[in-house]
Amino acid sequence: MKIDSTTNEEYDDIGDNHIASSEDTPMREDAFALNDEEKIQKIKGSVKEILQTLGLDLEDDSLKGTPKRVAKMFVNEIFGGLNPEKKPKASTFDNKYKYGEMLVEKNITLYSTCEHHLLPIVGRAHVAYISNGSVVGLSKMNRIVDYYAKRPQVQERLNIQIVRELQKALGTEDVACIIDAKHLCVNSRGIRDIESSTVTAEYGGKFKEKAVRQEFLNFIKLETNF
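Residues numbered from 1 in each chain as written. Predicted model: local features only at pLDDT ≥ 70, side-chain atom pairs only at ≥ 80, totals over all residues. Heavy atoms only, no water.

(A) Examining a positive patch on the surface more closely. Residues Lys44, Lys48, Lys68 and Lys72 make up a contiguous surface patch of positive charge. Elements represented by at least two residues in the positive patch include exactly helix H2 (36–53) and helix H3 (66–78). Tracing the backbone through its elements, the reader meets Lys44 in helix H2. Given a relative accessible area of 31%, Lys44 falls into the partly exposed group. (Patch = residues over 30% accessible without salt bridge, like charges linked within 9 Å, V, L, I, M, F, W, Y side chains within 5 Å. Areas by Shrake-Rupley, 256 points an atom, 1.4 Å probe, with all protein chains shown as cover. Salt bridge = Lys/Arg side-chain N within 4 Å of Asp/Glu carboxyl O. Lys, Arg positive; Asp, Glu negative; His and termini not counted. Charge placed at Lys NZ, Arg CZ, Asp CG, Glu CD. Helix = DSSP H or I, 4+ residues; strand = E, 2+ residues; numbered from the N terminus. Buried < 20%, exposed > 50% of the residue type's maximum accessible area, 1.4 Å probe, protein only.)

(B) Just the pairing of strand S2 (residues 102–114), in detail. Bridge analysis of S2 against strand S3 (residues 120–130) gives 10 bridges, and the strand direction is antiparallel. Among the inter-strand pairings, Tyr111 is bridged to a residue of S3, identified as Val122. Counting the residues that bridge the hairpin from S2 to S3 gives five residues, and of these Leu118 lies at a positive phi of roughly 55 degrees. Relative to strand S5 (residues 152–153), S2 runs parallel, the two sharing two bridges. Looking at S5, one finds that Thr113 is bridged to Pro152. (Pairing = 2+ DSSP bridges.)

(C) Region of the structure containing the side chain of Asn83. Counting through the fold element by element, Asn83 comes out in the loop between H3 and strand S1 (92–94). A polar side-chain atom of Asn83 sits 3.0 Å from the main-chain amide nitrogen of Glu85. Residue contacts for Asn83: discarding those within four places in its chain leaves Phe32, Asp36 and Tyr147. (Polar contact = N/O pair within 3.5 Å; in protein donor to acceptor, adjacent residues only side chain to side chain. Contact = heavy atoms within 4.5 Å.)

(D) Broad picture of the pattern of salt bridges. This model, assessed by the stated rule, comprises eight salt bridges. The salt bridge partner of Arg28 is Asp30, with a shortest N-O separation of 2.8 Å. Among the residues examined, Arg28 registers a relative accessible area of 61% and is labelled exposed. We classify Asp30 as partly exposed; its relative accessible area is 41%. One salt bridge connects Glu165 with Lys168, and the closest N-O pair in it is separated by 3.9 Å. Here the residue Glu165 and the residue Lys168 both occupy positions in helix H5 (residues 155–170), the gap between them amounting to three residues, near one helical turn. With relative accessibility at 61%, the residue Lys168 sits in the exposed group. The network of salt bridges with shared partners includes Glu23, Arg164 and Glu202.

Have a look at this one:
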């Protein structure tokens, strides 16, 4: 019993200290044994049980549909990035105009979910790459961010997954991503610090060079007013 108690305390500490276990999202081998509709029905029952355990009256008109709404939201929306069938196809094109400088897509809106407390992560991602012969459609960069954000996440892992995906699509190591986000597990519970945000970065290839990294940082500091 003492071992189990210590283990539970360690898991609680890990959750508050924002620690990730791997750069890949932890998935079971049978993750896709159920289709989406089957998952919705199963999650619906689990949410219903949780709400009833909390003492809520699910016969009330306001709460009656909540278990199904939550289940559909989990499967189709905020955790939709767990389904590889929803992964965006990062179509690339030849860099025929020979643009050889850095390309930056900044201020990409990011909504994710902390995997430790299942509370929202809200912020911005800034993504850049230097072409070695291929370019990717601008909207695909946003879609890649959105896909990997739509799953239980740790921000450091999200950085890495975005960079790895673009490196693979573009055939270059010269990719970077910076994320600045608020975690409601910090802002609305625990320490309840509403002002703090978390900044993480992943640099590949040329972006590990100080001058190139600084150029990227200078680009994302530029104000965009139209």
